[in-house]
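Read off the chains here:
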Amino acid sequence: MSSTLAGPLTDHCFTSVAHSGTPKGESITIAGVPTYLSAPRASAVSAAETVILYFSDVFGPFYINAQLVQDYYASQGFTVVGIDYFFGDPVHLHLNKPGFDRSTWRTKSVEQARASVPKWVDGVKEMFGTNVKYCAVGFCFGAPYVFQVAATDMLSCAAVAHPTSLTEELLRASKVPLLFSCAETDSAFPATFRRQVEDILVERKATYYIQIFSGVSHGFGTRGDPKVETERWAKEECQRAMVGWFKRFTSSK
């Protein structure tokens, strides 16, 4: 039985401070799945050189915070596709509703993701072809799906922030360089799990990068409060590091 390296969704997974900005991407459909597409302004999708697969947290790829992160990647030269495995039903549409059953919503969403991710990934490959490089990034709920793709030969590298539902089996199956962006306070991915992950990566002689931010909690990579300097800096540094990671393994040597 595979041991747990990141626990299930916790209360922190369902809290957010909405960020401000104007999304620049668009909504498309890939393999029947709603998808957020953000591409560099100077190039057409058909001219994409590196495509980032974005696996969102429970707020979905069309949440303003997620859109702005994906647009930031696009501003750095990447074409980004964000899968909506919630099919227009992200958690924030329900959080203020009396009687909302979070457990039932989660079960439904996991089942949808399990069914849609494989065909969506195949659809992405069909859309962009084999002459591009692919990376994947996942936050919270999205992390295990990053590792599923990382176990194939599709990716050049992968990155996750404050992961949930990660198992040793998924980690050991990864074939690509991995970046972990971590919060000092994280009940889903506490220090004990984080150190187990590091031990396994060292044992496997994997290529990896683990960054840990003090003063922030689970969700900081996309949902922290930009008015709090520590949270804003951690979020921005997390995203800068991910862009650097993608560029390191996709740029022409």
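The rules behind each value
Residues numbered from 1 in each chain as written. Predicted model: local features only at pLDDT ≥ 70, side-chain atom pairs only at ≥ 80, totals over all residues. Heavy atoms only, no water. Helix = DSSP H or I, 4+ residues; strand = E, 2+ residues; numbered from the N terminus. Rg over C-alpha atoms; globule rule 2.2 N^0.38 Å. Buried < 20%, exposed > 50% of the residue type's maximum accessible area, 1.4 Å probe, protein only. Contact = heavy atoms within 4.5 Å. Areas by Shrake-Rupley, 256 points an atom, 1.4 Å probe, with all protein chains shown as cover. Lys, Arg positive; Asp, Glu negative; His and termini not counted. Charge placed at Lys NZ, Arg CZ, Asp CG, Glu CD. Salt bridge = Lys/Arg side-chain N within 4 Å of Asp/Glu carboxyl O. Pairing = 2+ DSSP bridges. Polar contact = N/O pair within 3.5 Å; in protein donor to acceptor, adjacent residues only side chain to side chain. Axes fitted to C-alpha atoms, helices over the stretch in contact; angles between N-to-C directions.

**Overview of the overall build of the protein chain**
- Within the protein chain, the secondary structure is distributed over seven helices and ten strands.
- In terms of overall dimensions, the protein chain is globule-like: its C-alpha atoms have a radius of gyration of 17 Å, near the 18 Å expected for 253 residues.
- Dimensions of the protein chain, computed from C-alpha atoms along their principal axes, come out at roughly 45 × 45 × 40 Å.
- Expressed as a percentage of the 253 residues in the protein chain, the buried residues total 51%.
- Sequence-distant contacts, at least 24 apart, represent 73% of the contacts inside the protein chain between residues at least 6 apart.
- Counting only carbon and sulfur atoms, one obtains 51% of the accessible surface of the protein chain, whose full area is about 11,100 Å².
- Charged side chains of the protein chain number 24 positive and 24 negative; the gap between the two group centres comes to 3 Å.

**A word on the pattern of salt bridges**
- Counted according to the given criterion, the structure contains eight salt bridges.
- Among the ionic pairs, R102 bridges to D11, the shortest N-O distance being 2.7 Å. With R102 in helix α2 (residues 102–128) and D11 in the loop between β1 (4–6) and β2 (26–30), this residue pair connects regions lying 91 residues apart in the sequence.
- A relative accessible area of 32% places R102 in the partly exposed class.

**Here we look at the environment of A136**
- In this structure, A136 sits in strand β6 (residues 133–139).
- A C-alpha to C-alpha distance of 7.6 Å links A136 and F55, two positions 81 residues apart in sequence.
- Leaving out residues up to four positions away in the same chain, A136 has contacts with L53, F55, V146, L155, C157, A158, A159 and F246.

**Concerning the pairing of strand β7 (residues 155–161)**
- When you tally the buried positions in β7, you get six out of seven residues, the bulk of the element.
- Sheet analysis places β6 next to β7, joined by six bridges and oriented parallel. Paired with Y134 across the two strands is L155, which belongs to β7.

**Examining the side chain of D57**
- Mapped onto the fold, D57 is located in the loop between β4 (50–55) and α1 (64–75).
- Under the relative-accessibility criterion, D57 is labelled buried at 4%.
- At 3.0 Å, the side chain of D57 and the side chain of T222 are in polar contact.
- With residues up to four places along the chain from it excluded, the contact list for D57 reads F86, F139, C140, F141, T222 and R223.

**Structural notes on the sheet that holds β2**
- The eight strands are arranged β2-β3-β5-β4-β6-β7-β9-β10 in an open sheet whose pairing can be described as mixed. Looking at the sheet topology across the chains shown, the edges are occupied by β2 and β10 (208–217). The mean angle between the axes of side-by-side strands here comes to 20°, regardless of whether they run parallel or antiparallel.
- Two strands pair when backbone bridges link them, and β4 and strand β5 (residues 79–83) are joined in this way by five bridges, in the parallel orientation. Across the sheet, F55 pairs through a bridge with I83, a residue of β5.
- The sheet strands contacting α2 are β2, β3 (33–38), β4, β5 and β6, and the helix crosses β5 at an angle near 155°.
- Strands β4, β6, β7, β9 (178–185) and β10 of the sheet are contacted by helix α7 (residues 229–250), whose axis makes an angle of about 170° with β10.

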